[in-house]
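Here's the letter readout for the chains.
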Amino acid sequence: MKASCFGGLAVLKLLVLAAVLPGAVPALPHIVYVLVDDWGWANVGYHRAEPTQEVQTPTFDRLCKQQGLELDQFYAFKFCSPSRCSLMSGRLPAHVNTANLAMSFVNKKDPVSGFAGIPRNMTCIAEKLNQAGYESHQVGKWDAGMATPDHTPKGRGFKTSLGYFHHDNDYWNEGVADPIEYYPGCSGDHTDIWDTDHPANTLNGTAYEEELFSTRVLEIINSHDATSPLFLYYAPHIAHMPLQVPKAYEQKFAFINDTHRRIYHAMVNYLDDVVASMEKA
């Protein structure tokens, strides 16, 4: 698998894999596009002058420094939704979205751009790639709009999707911690996990969320017809808050006394293992 690695600011990093799936090679390359949130510059091994036990990212290190190319002279927006809206629409945040609004935001006087996320009249990357013959799938964090079907991944050209719409949710039960006043008409706890065109209510609370996402990613890769070009957009929840990780991974970093730092490094290590499984698929 050939790879290109793009290092961003602390807000996000991109890993784009021009993948070669088993079987016949299509005329166009397969594209696996990985967007990692809240990943600090020094929280990956290849940015450390000396190896450290705290940072264990062997897969990322190899892909970026031995098999790929790191581009580190560019800028990203300072937080979640505008960055994703920019990447999906191909426009600078100033021309698409500069606000990290609650997904329930609506300006009833503006039916085109009066919602959180990407305005309804803008074309996104999956739609353009579909026109070129790609089959597009999305997994993970969306945070680019959900007010109408047009705003969802399916409405933006993805054949399937599995993920959540908000800035974050709970890794174990997919609950959303935003204040309830963000959601007029709603009461009590609410859950955010969505499968293409319906709530994924058979999945929430069944496993660590990144495990759910990585399972879907591998299903897509393994079931895809290798003779047809694939566009897979995977936006893991890791390393965005809340800081939560399976105990087995946290125990690997038991030597770190600070709880938040220990869990954060464990989460990054978990994601490194996910990418390794994707590479092997």
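In short, a report on the structure. Keep in mind the model is a prediction, meaning the values are calculated, not measured.

What about the environment of K154?
Locating K154 in the fold gives a position in the loop between β5 (135-141) and β6 (160-164). In this structure, the C-alpha to C-alpha distance between K154 and S136, residues 18 residues apart in sequence, is 9.6 Å. Sequence-distant contacts of K154, defined by excluding residues within four places in its chain, comprise T196 and D197.

Description of empty space enclosed by the protein
A full pass over the atoms with the stated rule returns one cavity of 30 Å³ or more. Computed from the structure, the largest cavity encloses a volume of approximately 40 Å³. In this structure, the largest cavity is lined by Q138, G140, W142, P153, S161, L162, G163, Y164, F165 and W194. Looking at the lining of the largest cavity, the elements that each hand over two or more residues are β5 and β6. Within the lining of the largest cavity, the residues separate by chemical class into six nonpolar, four polar and no charged.

Describing the packing of helix α4 (residues 209-223) against helix α6 (residues 259-280)
At their nearest, the axes of α4 and α6 sit 10 Å apart, and the two run at 15 degrees to each other. Comparing the axis directions of α4 and α6 gives the class roughly parallel. For the pair α4 and α6, the sense of crossing is right-handed. Contact residues: E210, E211, S214, V217, L218 and I221 in α4; Y270, V274, S277 and M278 in α6. Split by residue class, the contact of α4 with α6 holds six nonpolar, two polar and two charged.

A look at the pattern of salt bridges
Per the stated rule, a full pass over the model turns up 14 salt bridges. A salt bridge links R62 to E279, with the nearest nitrogen and oxygen atoms 2.7 Å apart. On the criterion of sequence distance, the pair formed by R62 in helix α1 (residues 58-65) and E279 in helix α6 is long-range, its members being 217 residues apart. Exposure remark for E279: the relative accessible area of 19% places this residue in the buried category. Between R216 and D195 there is a salt bridge, with its nearest N and O atoms 2.9 Å apart. Residue R216 is located in helix α4, and its partner D195 is located in strand β7 (residues 194-195); the two are separated by 21 residues in the primary sequence. We classify D195 as buried; its relative accessible area is 15%. Linked through salt bridges whose partners overlap, the residues forming this network are D37, R84, K141 and D143.

What about α4?
Along an α-helix, a turn takes 3.6 residues, which lines up residues three or four apart on a common side. Relative to the 21 Å expected for 15 residues at 1.5 Å per residue, α4 spans 21 Å between its end C-alpha atoms, a close match to the ideal helical length. Looking at α4, one finds that the buried residues are E209, E210, L212, F213, S214, R216, V217, I220 and I221.

Some points on the packing of α1 against α6
At a minimum axis distance of 7 Å, the contact between α1 and α6 shows a crossing angle of 60 degrees. One element, α1, and the other, α6, form an angle in the oblique class. Between α1, through P58, T59, F60, R62 and L63, and α6, the contact on the second element is made entirely by L271, D272, V275, A276 and E279. Its residues placed into classes, the contact of α1 with α6 shows six nonpolar, one polar and three charged.

Some thoughts on the side chain of E174
Tracing the sequence through the fold places E174 in the loop between β6 and β7. Nearest to the buried, unbridged E174 among oppositely charged side chains is R216, at 13 Å. Within the structure, the side chain of E174 is placed 2.8 Å from the backbone nitrogen of G205, a separation counted as a polar contact. The residues contacting E174, other than those within four sequence positions of it, are N169, H190, T191, D192, I193, L203, N204, G205, A207, E209 and L212.

Conventions used here
- Residues numbered from 1 in each chain as written.
- Predicted model: local features only at pLDDT ≥ 70, side-chain atom pairs only at ≥ 80, totals over all residues.
- Heavy atoms only, no water.
- Helix = DSSP H or I, 4+ residues; strand = E, 2+ residues; numbered from the N terminus.
- Contact = heavy atoms within 4.5 Å.
- 1 Å grid on protein atoms, 1.4 Å probe; cavity = no way out; pocket = protein on both sides within 12 Å on 5 of 7 lines; lining within 4 Å.
- Points joined across faces, edges and corners; volume = space filled by probe spheres on them.
- Nonpolar A, V, L, I, M, F, W, Y, C, P; charged D, E, K, R; others polar.
- Axes fitted to C-alpha atoms, helices over the stretch in contact; angles between N-to-C directions.
- Parallel < 35°, antiparallel > 145°, perpendicular 65-115°, else oblique.
- Left-handed = near helix turned anticlockwise from the far one by under 90°.
- Salt bridge = Lys/Arg side-chain N within 4 Å of Asp/Glu carboxyl O.
- Buried < 20%, exposed > 50% of the residue type's maximum accessible area, 1.4 Å probe, protein only.
- Expected span 1.5 Å × (residues − 1).
- Lys, Arg positive; Asp, Glu negative; His and termini not counted.
- Polar contact = N/O pair within 3.5 Å; in protein donor to acceptor, adjacent residues only side chain to side chain.

Nothing here speaks to function; it is geometry throughout.
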